[in-house]
Amino acid sequence: MGLNRTQRPQPVEAVRWLGDRLELLDQRKLPDETVYVTCRTAAETATAIRDMVVRGAPAIGCAAAFGMTMASKRGDILSDAEALLAQSRPTAVNLFWALERMRGAQDPEAAAVAIFTDDLASCRAMGLHGATLIPEGARIMTHCNAGALATAGHGTALGVIRSARDAGKNVSVIANETRPYLQGARLTAWEMVQENIPVTLIADNMAGHLMSRGEVDLVIVGADRIAANGDTANKIGTYTLAVLANRHGLPFYVAAPLSTFDAKLADGSGIPIEERPAAEMTGYGDKRWAPQGVSVRNPAFDVTPADLITAIITEHGVMRAPGRESIARTLAIGRLSTL
Ligand code: MRU
């Protein structure tokens, strides 16, 4: 069972299910090359997630679900396959959410396809809800890549921007480069250029300067895990941006599907933060610029406290000043809608 045309997002396809194998757009090679990596087993899928072939919380969840489908079709030991996938990356809860949803699925292929198509539908719904928050002519700052590349399609934060554009608004994007892995410079800039959405690239440390000059109207980002009180883990540097937005009186929006919420965590202090290899800090590709012997920290995510978030946009609407109660209510609506 492949995906039919209407289930398949256009124009960027990060995750392609072909019925017997998974194709992942190799995001390590963007924007220079658009090539796909083929996975035929859960182990290959786990390696692709760990090595950043596929990245972005919802896309990781979709890939893991198809990894479990392949394990089940091959007759592999499902608990081993699940353990491998669960070890691939720690922060994005969508991975664990997808593995839980796959556990015990009667028809694993149909379950994985549903995870994928639901994510695409959620992104489109978030786009429609979020677009109402975007003023005509808005200059929108975003961080990392929360676009089609990071989801089943359309994107979360970039989905809101796409939907605002589709609603006829003239919007422009300020993409933070997102040190050290450069998801903003390589991926968000690429997605926006592909679609002729005006985009300006800046280094992360230029954000405050642009805000202080009145050159930014709002900030919108995605999320990797949102605790029950609204504390939000996202790409490293997001917290700094939220503080800056607060200082400058700018709205700071988070767009994320319900699969990104972790109701089991009371607040953000319990969110596991991935530490990535030192080599990402000491250089890039073959180029090394830091001296041998220097010690390095490379946390890949940070946590933005809920009180710095103006609103969280989900597929069920806009939660202003998000907190325990509004989040519990929205999660309950989500559970009802899947019954
Ligand atoms: O390390 P990455 O590239 O997987 O980090 C991705 C992010 O931080 C995204 O902002 C987040 O996953 C939301 S994607 C819709």
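The shown structure was predicted, so the numbers you read here are calculated from the model rather than taken from an experiment. (Residues numbered from 1 in each chain as written. Predicted model: local features only at pLDDT ≥ 70, side-chain atom pairs only at ≥ 80, totals over all residues. Heavy atoms only, no water.)

Visitor: Looking at this model, I keep getting lost on the domain arrangement of the protein chain. Mind explaining?
Guide: Quoted interface sizes are often the accessible area lost when the parts come together. Along its sequence, the protein chain is organised into domain 1 (8–121) and domain 2 (124–337). Computed from C-alpha atoms alone, the centre-to-centre distance between domain 1 and domain 2 is 22 Å. The interface of domain 1 with domain 2 comprises 31 residues on the first partner and 34 residues on the second. Summed over both sides, the interface between domain 1 and domain 2 buries roughly 2700 Å², with carbon and sulfur atoms accounting for 56% of that surface. Per-residue buried area on domain 1 facing domain 2 is highest for Val12, Arg55 and Thr91; these three make up 23% of the total on that side. (Domains from an automatic or database assignment. Contact = heavy atoms within 4.5 Å. Buried area = accessible area lost by both parts, 1.4 Å probe.)

Visitor: Whenever I open this one, the sheet that holds strand β9 (residues 232–235) confuses me. Can you help?
Guide: Two pairing modes exist for strands in a sheet, parallel and antiparallel, and in both the strands are linked by backbone hydrogen bonds. Here four strands make up an open sheet; going across it, the order is β11-β8-β9-β14 and the pairing mixed. Two strands close off the open sheet at either side, each with one partner strand: β11 (261–262) and β14 (301–304). In this sheet, β9 lies alongside strand β8 (residues 225–227) in antiparallel orientation, the contact comprising two bridges. Bridged to Ile226 within β9 is Thr232. Across the sheet, helix α9 (residues 238–247) touches β9 and β14, and the angle it forms with β14 is around 35°. (Pairing = 2+ DSSP bridges. Helix = DSSP H or I, 4+ residues; strand = E, 2+ residues; numbered from the N terminus. Axes fitted to C-alpha atoms, helices over the stretch in contact; angles between N-to-C directions.)

Visitor: Whenever I open this one, the packing of helix α4 (residues 93–102) against helix α5 (residues 108–131) confuses me. Can you help?
Guide: When two helices pack together, their arrangement is given by the angle between the helix axes and by the axis-to-axis distance. It is at 10 Å that the axes of α4 and α5 come closest, and there the two elements cross at 145°. Crossing of α4 over α5 shows right-handed handedness. Contacts from Trp97, Ala98, Arg101 and Met102 of α4 reach α5 at Pro108, Ala111, Ala112, Ala114, Ile115 and Asp118. (Left-handed = near helix turned anticlockwise from the far one by under 90°.)

Visitor: I would appreciate a short explanation of the pairing of strand β15 (residues 311–314) in the present structure.
Guide: Each regular strand shows side chains that alternate between the opposite faces of the sheet. Residue alternation in β15 divides its side chains into two sets, Ala311 and Ile313 and Ile312 and Thr314, and both sets are buried. Inspection of the sheet shows strand β10 (residues 252–255) paired to β15 by three bridges, in the parallel sense. Paired with Val254 across the bridge in β15 is Ile312. Pairing between β15 and strand β16 (residues 317–320): four bridges, direction antiparallel. Residue pairing for β16: Ile313 is matched across the bridge by Val318. (Buried < 20%, exposed > 50% of the residue type's maximum accessible area, 1.4 Å probe, protein only.)

Visitor: Quick question: what am I supposed to make of empty space enclosed by the protein here?
Guide: Empty space among the atoms becomes visible once a probe the size of a water molecule is rolled across them. Under the definition given, this model contains two cavities of 30 Å³ or more. In this structure, the largest cavity spans a volume of roughly 220 Å³. Lining the largest cavity are 27 residues, and of these Gly56, Ala57, Asn145, Asp224 and Asn234 sit closest to its centre. Of the residues forming the lining of the largest cavity, the biggest block, three residues, is contributed by helix α2 (residues 57–74). Here the residues of the lining of the largest cavity sort into 13 nonpolar, nine polar and five charged. (1 Å grid on protein atoms, 1.4 Å probe; cavity = no way out; pocket = protein on both sides within 12 Å on 5 of 7 lines; lining within 4 Å. Points joined across faces, edges and corners; volume = space filled by probe spheres on them. Nonpolar A, V, L, I, M, F, W, Y, C, P; charged D, E, K, R; others polar.)

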